[in-house]
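Each chain, letter by letter, is given below.
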Amino acid sequence: MRYLYQFARIMAFCFLGEILHEALPLPIPASIYGLILLLAALKTGIVKLEQVKEVGNFLTGIFPLLFVPAAVGVMELWVQLGEMAIPIIIAIVPVTILVLASAGRTTQLFTGKRRKQVPAAVQDGAGEAEEKEASHDSITE
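Quick notes on the rules
Residues numbered from 1 in each chain as written. Predicted model: local features only at pLDDT ≥ 70, side-chain atom pairs only at ≥ 80, totals over all residues. Heavy atoms only, no water. Helix = DSSP H or I, 4+ residues; strand = E, 2+ residues; numbered from the N terminus. Contact = heavy atoms within 4.5 Å. Areas by Shrake-Rupley, 256 points an atom, 1.4 Å probe, with all protein chains shown as cover. Expected span 1.5 Å × (residues − 1). Buried < 20%, exposed > 50% of the residue type's maximum accessible area, 1.4 Å probe, protein only. Arc of directions from axis to C-beta. Polar contact = N/O pair within 3.5 Å; in protein donor to acceptor, adjacent residues only side chain to side chain. Core = buried A, V, L, I, M, F, W, Y, C linked by side-chain atoms within 4.5 Å. Phe/Tyr/Trp six-rings, centres within 6.5 Å; stacked < 30°, edge-to-face > 60°. Patch = residues over 30% accessible without salt bridge, like charges linked within 9 Å, V, L, I, M, F, W, Y side chains within 5 Å. Salt bridge = Lys/Arg side-chain N within 4 Å of Asp/Glu carboxyl O. Axes fitted to C-alpha atoms, helices over the stretch in contact; angles between N-to-C directions. Parallel < 35°, antiparallel > 145°, perpendicular 65-115°, else oblique. Left-handed = near helix turned anticlockwise from the far one by under 90°. 1 Å grid on protein atoms, 1.4 Å probe; cavity = no way out; pocket = protein on both sides within 12 Å on 5 of 7 lines; lining within 4 Å. Points joined across faces, edges and corners; volume = space filled by probe spheres on them. Nonpolar A, V, L, I, M, F, W, Y, C, P; charged D, E, K, R; others polar.

**With respect to the overall build of the protein**
Here is step 1 of the chain: Secondary structure summary: the protein contains seven helices and zero strands in total.
Here is step 2 of the chain: Helices and strands in the protein line up, N terminus first, as α-α-α-α-α-α-α.
Here is step 3 of the chain: Here the contacts in the protein between residues at least 6 apart in sequence split such that 49% fall between residues at least 24 apart.
Here is step 4 of the chain: Here the protein has roughly 12000 Å² of accessible surface; of this, 71% comes from carbon and sulfur atoms.

**Describing helix H2 (residues 30-44)**
What sets the pattern is the α-helix's 3.6 residues per turn: residues three or four places apart point alike.
Here is step 1 of the chain: Helix length check: H2 (15 residues) gives 21 Å between terminal C-alpha atoms against 21 Å at 1.5 Å per residue, within 8%.
Here is step 2 of the chain: Burial in H2 covers these residues: Ala30, Tyr33, Gly34, Leu38 and Ala41. Looking down the long axis of H2, one finds its buried residues gathered within 130 degrees of arc, a one-sided arrangement. Facing away from the buried surface of H2 by more than 90 degrees, the exposed residues are Leu35, Ile36 and Lys43.
Here is step 3 of the chain: The inward-facing, buried residues of H2 contact helix H1 (2-23).
Here is step 4 of the chain: The positive-phi residue at the C-terminal boundary of H2 is Gly45, with phi of around 90 degrees.

**A few points about the environment of Thr111**
Here is step 1 of the chain: Considering the arrangement of structural elements, one finds Thr111 in helix H6 (residues 85-111).
Here is step 2 of the chain: Given the relative accessible area of 46%, Thr111 is considered partly exposed.
Here is step 3 of the chain: Here Thr107 takes part through its backbone oxygen, which lies 2.7 Å from a polar atom of the side chain of Thr111.

**Some points on the nonpolar core**
Here is step 1 of the chain: The biggest cluster of nonpolar side chains holds seven residues, and these are Ile10, Phe13, Leu38, Ala41, Val47, Val52 and Val55.
Here is step 2 of the chain: Secondary structure elements with two or more residues in this core: H1 and H2.
Here is step 3 of the chain: Contacts of Ala41, omitting those with residues within four sequence positions, involve Phe13, Ile46 and Val47.

**Side note on the packing of aromatic side chains**
Here is step 1 of the chain: Under the definition given, this model contains one aromatic pair.
Here is step 2 of the chain: Here the aromatic rings of Phe63 and Phe67 are separated by 5.2 Å at their centres, their planes lie at 85 degrees, and the arrangement is edge-to-face.

**A word on a nonpolar patch on the surface**
Here is step 1 of the chain: There is a patch of nonpolar side chains on the surface, built from Met1, Leu4 and Tyr5 and spanning about 400 Å² of accessible area.
Here is step 2 of the chain: Within the element layout of this structure, Leu4 appears in helix H1.

**Notes on the packing of H1 against H2**
Here is step 1 of the chain: Between H1 and H2, the shortest axis-to-axis distance is 7 Å and the interhelical angle comes to 125 degrees. One finds that H1 runs oblique with respect to H2. For the crossing formed where H1 meets H2, the hand is right-handed. Contacts from Phe13, Leu16, Gly17, Glu18, Leu20 and His21 in H1 reach Ala30, Tyr33, Gly34, Leu37, Leu38 and Ala41 in H2.

**Points about the layout of surface pockets**
Here is step 1 of the chain: Of the voids in this model, the largest pocket is the one considered here, and its volume is about 460 Å³.
Here is step 2 of the chain: As for the largest pocket, its lining consists of 17 residues, of which Ile10, Cys14, Leu35, Leu38 and Leu59 are closest to the centre.
Here is step 3 of the chain: Of all the secondary structure elements, the ones that give two or more residues to the lining of the largest pocket are H1, H2 and helix H3 (53-61).
Here is step 4 of the chain: Take the lining of the largest pocket: its biggest share by element is seven residues, from H2.
Here is step 5 of the chain: Of the residues contributing to the lining of the largest pocket, the split by class is 12 nonpolar, four polar and one charged.

All we've got here are geometric facts, nothing functional implied.
Dropping the structure here:
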């Protein structure tokens, strides 16, 4: 019964996303509205993680299975896709590189893990310390 309640909570946010999609004149899918609403509810404490965690884990576990119908559809249209292979590759490769680069930069920006330049004197000092430690270890053995 607990799983039904958890699933019903998730579906309620999906339904609210559908309502927002119809009410707002923005080109945003209803599923995105639902995810944003669920995230906001989790962050504000309206919904506790324990109230959706088990069903959420189950749904993410079967997520690859949900792509099977789309893959079958692609296989049925393989001949038509083969005719357009070069334009598809020309479109996909640069966009993939752009997405990877922008995602990496954004992650660096938000985590603050940018590569910082270490002064040469500091690097030399670190090398000397390692050499001293290595010589100390060899003397004590």
